[in-house]
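Spelled out from the first residue to the last, the chains are:
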Amino acid sequence: MKVLVYPGCMVLARFQHYEAASRMLLQQLGYEPVPLNKFSCCGASLLPGATDRWVNISAYTLGLAEQAGADIVTLCGNCTNNFKRVNIDYRERPAVREQIDAALGRVSLGYAGGVRVHHILEILTRRTADLKGLRRRTYNTRVAITQPCQVYRPETITGGSGGAPSPEAFRRLLEGLGIELVSYPLEAACCGATALLFDESLAIEQGRQKLASARAHGADVLCAACGNCLYLLDRQQARVRGDQREPRMPVISVSELVAGLLDEAYATPFLSSGIP
Amino acid sequence: MKPERKRPSDSEQCRQCAACLDTCVVVAHGGASILSELTGDDQQGAWHCVNCWRCIERCPHGVDIYDVMMRRRRQEPVPPAIEGSIDRICRSGCALRIRDLNALRVMHGLDRLEIIDEETVNRLLAEPE
Ligand code: SF4
Ligand code: SF4
């Protein structure tokens with residue numbers, strides 16, 4: 001099956017290793033990644049508040065995927081949510097469909113509504129047994145998950161025909177691959193990343209509580225499935241940790257964590273932290 | 001001074017039951033979110049959201065909080081950092097500034113890619129004729 005791997009602005013700009021590991025896993029599982037000829041933002045969480053024409057920007061990537069005969073695989077929660085929302089609106093709201101058709105027509109592109117959108121987690125969770133067969137090594141470390149809100153909610157958008165992905169499926173994926181999982185009370189709490197845009201103290205506090213909770217319950221590593229969670233918990237960790245008394249907690253994307261079981265070169269950021 | 005209380009319009013179907021309020025991290029942090037608007041506690045919260053969408057799942061009356069939020073955002077002042085990101089999306093097709101994109105991609109073994117041009121973004125976002 002052909003897939004168009006859509007990194008989203010955050011992964012495109014800052015987490016190339018997440019995209020590289022996702023592509024490697026998709027290829028190992030028999031998918032055929034097609035080139036993304038022109039990258040365009042999905043609209044993020046921002047453009048929908050500025051104009052109802054944001055759907056045209058999302059539909060542009062859906063149109064490119066359809067032209068390539070590919071499904072879209074996303075790496076962030078917000079991109080997943082936006083593409084799925086636009087797909088539903090395109091099918092169910094004639095006014096939205098008309099608007100998208102006209103906009104894509106202006107750039108010589110079309111869309112017939114046929115592209116399926118999967119977050120990478122949905123693919124990995126469906127293919128746990130195959131991934132298990134591809135494993136070459138194990139980790140000797142305790143991993144905590146930070147759950148990606150927008151991959152799951154609202155269910156009316158994320159559900160689709162195959163049913164919504166779930167936090168439990170994320171846990172089963174890692175456990176099924178022999179990874180020791182740590183449970184902690186804030187596993188499903190929002191990481192706070194989006195709040196950086198309007199209330200930094202809220203964002204930092206959300207991240208601080210999450211890291212502290214994972215650490216207090218014995219986690220050595222935090223595993224994320226969204227570029228925005230990675231941004232707050234990894235790139236902004238110095239601010240989140242504040243007085244720096246605690247050692248840095250490695251934060252790694254689900255794709256790198258899983259790909260590292262197949263080939264350790266993909267888990268570099270995690271392994272370079274000294275945790276085997 | 002606290003803004004005057006405002007009831008949501010009937011079309012928004014909110015019964016002001018406040019069941020959604022305790023799901024909201026913005027409210028828990030002492031801020032105003034769209035839920036503060038819906039429950040009549042504040043009037044300027046539509047942009048203050050981490051997009052966790054717990055509120056939508058909690059609402060017992062099926063209020064489309066996403067839809068209400070986006071409509072109200074178009075009437076409220078945009079926080080400066082958000083305005084900058086929106087402007088960047090409209091001008092460059094990407095919410096973030098990226099330096100040396102393809103050098104970084106090649107370093108990570110990824111294909112080169114181009115970002116959509118401003119003219120295409122403008123055409124996509126143009127007012128319908
Ligand atoms: S989606 Fe926004 S308004 Fe709703 S609970 Fe989350 S932060 Fe609050
Ligand atoms: S949005 Fe729903 S849960 Fe919140 S106050 Fe209105 S009716 Fe109640």
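Residues numbered from 1 in each chain as written. Chains lettered and ligands numbered in written order. Predicted model: local features only at pLDDT ≥ 70, side-chain atom pairs only at ≥ 80, totals over all residues. Heavy atoms only, no water.

Peer 1: Mind showing me how you'd approach the sheet that holds strand S2 (residues 32-33) of chain A here?
Peer 2: Within a sheet, neighbouring strands are paired by backbone hydrogen bonds and run either parallel or antiparallel to one another. All names here are of chain A. Pairing is parallel in the open sheet, where four strands are placed in the order S2-S1-S4-S5. A single partner strand is all that each edge strand has here, and the edge strands are S2 and strand S5 (117-119). Two strands pair when backbone bridges link them, and strand S1 (residues 2-6) and strand S4 (residues 71-74) are joined in this way by four bridges, in the parallel orientation. Each residue of the ladder has a partner; that of Leu4, found in S4, is Ile72. Contacting S1, S2, S4 and S5, helix H2 (residues 16-28) runs over the sheet at an angle of about 170° to S1. (Pairing = 2+ DSSP bridges. Helix = DSSP H or I, 4+ residues; strand = E, 2+ residues; numbered from the N terminus. Contact = heavy atoms within 4.5 Å. Axes fitted to C-alpha atoms, helices over the stretch in contact; angles between N-to-C directions.)

Peer 1: Help me understand the site of ligand 1 in this model?
Peer 2: Taken together, B:Thr23, B:Cys24, B:Ser33, B:Ile34, B:Leu35, B:Cys49, B:Val50, B:Cys52, B:Trp53 and B:Cys55 are the residues near ligand 1. Partitioning the shell around ligand 1 into residue classes produces eight nonpolar, two polar and no charged. (Near = heavy atom within 4 Å. Nonpolar A, V, L, I, M, F, W, Y, C, P; charged D, E, K, R; others polar.)

Peer 1: Would you mind showing me how to read the interface of chain A and chain B here?
Peer 2: Often, the extent of an interface is quoted as the loss of accessible area on bringing the components together. Taken together, the contact pairs 56 residues of chain A with 47 residues of chain B. Remark: the boundary between chain A and chain B carries three salt bridges. At the boundary of chain A and chain B, one finds 18 residue pairs in polar contact (both at pLDDT 80 or more). Counting only elements with at least two residues in the side of chain A that touches chain B, the list comes to helix H1 (8-14), H2, strand S3 (38-39), helix H3 (54-67), helix H4 (77-92), helix H5 (94-106), helix H8 (149-152) and helix H11 (200-216) of chain A. Here the side of chain A that touches chain B is built from residues that sort into 29 nonpolar, 15 polar and 12 charged. (Salt bridge = Lys/Arg side-chain N within 4 Å of Asp/Glu carboxyl O. Polar contact = N/O pair within 3.5 Å; in protein donor to acceptor, adjacent residues only side chain to side chain.)

Peer 1: How should the domain arrangement of chain B be read in this particular structure?
Peer 2: What the domain assignment reports for chain B is domain 1 (19-73) and domain 2 (80-125). Summarising the inter-unit geometry, the C-alpha centres of domain 1 of chain B and domain 2 of chain B are found 30 Å apart. (Domains from an automatic or database assignment.)

Peer 1: Is there a simple way to think about unusual backbone geometry in this case?
Peer 2: Most peptide bonds take the trans configuration, and most residues that are not glycine carry a negative phi. Cis geometry is adopted by the peptide bond preceding A:Pro154, which originates at A:Arg153 and carries an omega value of -10°. Among the structural elements, A:Pro154 can be located in the loop between H8 and helix H9 (155-158). The phi angle at B:Gln16 is positive, at roughly 55°, despite the residue not being glycine. Within the secondary structure, B:Gln16 is located in the segment before helix H1 (25-28). Phi at B:Asp100 takes a positive value of approximately 55°, unusual for a residue other than glycine. Position of B:Asp100 relative to the elements: it lies in the loop between helix H5 (80-92) and helix H6 (101-107).

Peer 1: Explanation requested: the side chain of A:Arg53 in the structure shown.
Peer 2: Relative to the assigned elements, A:Arg53 resides in the loop between S3 and H3. One polar contact links the side chain of A:Arg53 to the main-chain carbonyl oxygen of B:Ala126, over a distance of 3.3 Å. Not counting residues up to four positions away in its chain, the partners in contact with A:Arg53 are A:Gln99, B:Leu125, B:Ala126, B:Glu127 and B:Pro128.

Peer 1: Just checking my understanding: could you explain the packing of aromatic side chains for this structure?
Peer 2: To describe a pair of aromatic rings, you give the distance between the ring centres and the angle between the ring planes. Residues and elements named next belong to chain A. Here the structure, examined in full by the defined rule, presents four aromatic pairs over all chains. Ring centres of Tyr90 and Tyr111 lie 5.2 Å apart, and the angle between their planes is 55°; this geometry places the pair in the tilted category. Of this pair, Tyr90 sits in helix H4 while Tyr111 sits in the loop between H5 and S5; the two residues are 21 residues apart in sequence, bridging distant segments of the chain. Tyr111 sits in the buried class, given a relative accessible area of 7%. (Phe/Tyr/Trp six-rings, centres within 6.5 Å; stacked < 30°, edge-to-face > 60°. Buried < 20%, exposed > 50% of the residue type's maximum accessible area, 1.4 Å probe, protein only.)

Peer 1: How should I be thinking about the domain arrangement of chain A in this particular structure?
Peer 2: All names here are of chain A. Entries for chain A in the domain assignment read domain 1 (2-119) and domain 2 (134-274). Domain 1 and domain 2 are separated by 24 Å when their C-alpha centres are compared. Taken together, the contact pairs 24 residues of domain 1 with 27 residues of domain 2. For the pair domain 1 and domain 2, the two sides together bury roughly 2200 Å², of which 69% comes from carbon and sulfur. The three residues of domain 1 that bury the most area against domain 2 are Phe15, Tyr18 and Met24, which together make up 23% of that side's buried surface. At the surface where domain 1 touches domain 2, the tally comes to zero salt bridges. (Buried area = accessible area lost by both parts, 1.4 Å probe.)

Peer 1: I keep staring at the environment of A:Val86 and nothing clicks. Help me out?
Peer 2: All names here are of chain A. Note on placement: Val86 falls in helix H4. Classification of Val86 by relative accessible area gives buried; the value is 1%. With 159 residues separating them along the chain, Val86 and Arg245 place their C-alpha atoms 45 Å apart. Those residues in contact with Val86 that lie beyond four places of it in its chain are Trp54, Val55, Ser58, Ala59, Leu62 and Ile100.

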